[in-house]
Amino acid sequence: MDFNVKKLASDAGVFFTRAVQFTEEKLGQAEKTELDAHLENLIARGDCTKNWTEKIFRQTEVLLQPNPIDHTGARIEEFFYEKLDRKIPTRTTNGELLGQYMQDAAKDFGPGTPYGSTLITVGEYQKKLGGAEREFLQASAVSFLTPLRNFLEGDWRTISKERRLLENRRLDLDVCKARLKKAKLAEAKAAAAPDFQETRPRNYILSASASAAEQELRVAQTEFDRQAEVTRLLLEGISSTHVNHLRCLHEFVEAQAAYYAQCHKHMQELQKELSSANGDTFPNAFAVSASTSGISAGPSPLSGGSAPGCPAASSGPLDPAPLKIEEVKPPATGTRKAKVLYDYDAADTSELSLLADELITVYTVPGMDPDWLIGERGNQKGKVPVTYLELLS
């Protein structure tokens, strides 16, 4: 018990002297040992890496799990399963749940009815989209989130611990410097104004005090140098962390690209099925009939049983002539305003270059690729990609 009390008193004394030194440094009443420029740069780089890695990690989690309530619940569930050393169960995605609801509703409405059969078809593809989303979430968690989390919870914690220890060693070193300085001043003062009655004992005590302070300073300097080297080596490992995170970022982009490509493929297939089944009942909102356009009648991409991307049924012995933009006239009805989402450079003279956030008029014509629209801006006209637009009412 005596040992513990002594150790506690010693730790309290060390903490107090460090606190006094730190306070005097902040008040400008004590000198502070500065780290070398290389180590300072490494510390600044490490802090920058930690801060941005944490922000990217948190925002990626929000991207993959937008609902904060679901996100918190999912993390708590994962925490309990990790503590119990059990495999985390596969969670149903929102797309899969929506698809299941649609198919269940179709059973009540009647699978043979137009609405019921369409619900079954759309529900099937919603499940496919949900499955693609689940695969993307799993791939992103393994290839991107896990390495970032390991750095924040592993490497950076070690670096932070060693940096705190380095700061303590620096404070100890500066305390020893201050003690030695005071001892030297007291010794010089005694030598300048000797007291002949107590010269020998006092000089002996002051000299011994200065010698002890010098010894403490040498020990503190050695410990500080050793800790600075350890911290420097750890911080230099940040470069390897950047290389690792770069590789993980490439893998995340690949997973994201594959996910969106798969979703696009599923949606194209769904559009084909719906247009084949319901094209006569629900034509394309942009389709223009021959009575409202100045162009000869032709099959609409979403009417007459022809699916987008598939060859239209031939209405005559000759194929329709290629579309000439300069001859296209806007229909009397069916035009809409659209907001441009991204800049787009025209590939040829038949296309219209776009600038982000501008508003243009768009419409379609029979036989036109559903991925493109005719866009007009003043006296300029040309084809524009649908994916670059946000259609307004």
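The structure displayed is predicted, hence computed values, not measured ones.

1. Quick word on the pattern of salt bridges
Here comes step 1: Inspection of the entire model under this criterion finds 15 salt bridges.
Here comes step 2: Note that Glu61 and Arg149 form a salt bridge whose closest N and O atoms lie 3.7 Å from each other. Here Glu61 is found in helix H2 (residues 37-64), whereas its partner Arg149 is found in helix H5 (residues 114-192), with 88 residues between them in sequence.
Here comes step 3: Exposure remark for Glu61: the relative accessible area of 6% places this residue in the buried category.
Here comes step 4: Taking the shortest distance from any N to any O, the salt bridge between Lys381 and Glu376 comes out at 3.9 Å.
Here comes step 5: Under the relative-accessibility criterion, Lys381 is labelled partly exposed at 26%.

2. What about the side chain of Thr60?
Here comes step 1: Summarising the element assignment, Thr60 is placed in helix H2.
Here comes step 2: Those residues in contact with Thr60 that lie beyond four places of it in its chain are Phe144, Leu145 and Phe252.

3. A closer look at the sheet that holds strand S2 (residues 359-363)
Here comes step 1: Strand order in this open sheet of 5 strands is S4-S3-S2-S1-S5, and the pairing throughout is antiparallel. Looking along the sheet, the strands with just one partner apiece sit at the ends: strand S4 (380-385) and strand S5 (389-391). Neighbour to neighbour, the strand axes of the sheet diverge by 40° on average, direction disregarded.
Here comes step 2: Strand direction decides the pairing type here: S2 and strand S3 (residues 372-377), joined by 3 bridges, are antiparallel. Note on S3: the bridge partner recorded for Val362 is Gly375.

4. Focus: the pairing of S3
Here comes step 1: Of all 6 residues in S3, 5 are buried; the element is thus mostly enclosed.
Here comes step 2: By the bridge criterion, 6 bridges tie S3 to S4 in an arrangement that is antiparallel. Residue Ile374 lies in a different strand from S4, and its bridge partner there is Lys383.
Here comes step 3: A loop of 2 residues connects S3 with S4, the two strands running antiparallel in sequence, and Gly378 in this loop sits at a positive phi of about 65°.

5. Some thoughts on the confidence of the model for the protein chain
Here comes step 1: Overall, the prediction assigns the protein chain a mean pLDDT of 78, with 68% of residues at 70 or greater.
Here comes step 2: Within the protein chain, no element has a lower average pLDDT than helix H3 (residues 68-83), which sits at 55, and none a higher one than H2, at 93.
Here comes step 3: A low-confidence stretch, residues 283-320 stays under pLDDT 50, and its non-local contacts, those more than four residues away or across chains, total 48 contacts.

6. A short note on H2
Residue pairs spaced three or four apart in an α-helix point in one direction, given the helix's 3.6 residues per turn.
Here comes step 1: Look at H2: 40 Å from first C-alpha to last across 28 residues, which is about the 40 Å you get at 1.5 Å a residue.
Here comes step 2: Among the residues of H2, Leu39, Leu42, Ile43, Gly46, Thr49, Thr53, Phe57, Thr60, Glu61 and Leu64 are the ones counted as buried.

Rules behind the numbers
Residues numbered from 1 in each chain as written. Predicted model: local features only at pLDDT ≥ 70, side-chain atom pairs only at ≥ 80, totals over all residues. Heavy atoms only, no water. Salt bridge = Lys/Arg side-chain N within 4 Å of Asp/Glu carboxyl O. Helix = DSSP H or I, 4+ residues; strand = E, 2+ residues; numbered from the N terminus. Buried < 20%, exposed > 50% of the residue type's maximum accessible area, 1.4 Å probe, protein only. Contact = heavy atoms within 4.5 Å. Pairing = 2+ DSSP bridges. Axes fitted to C-alpha atoms, helices over the stretch in contact; angles between N-to-C directions. pLDDT = per-residue confidence, 0-100. Expected span 1.5 Å × (residues − 1).

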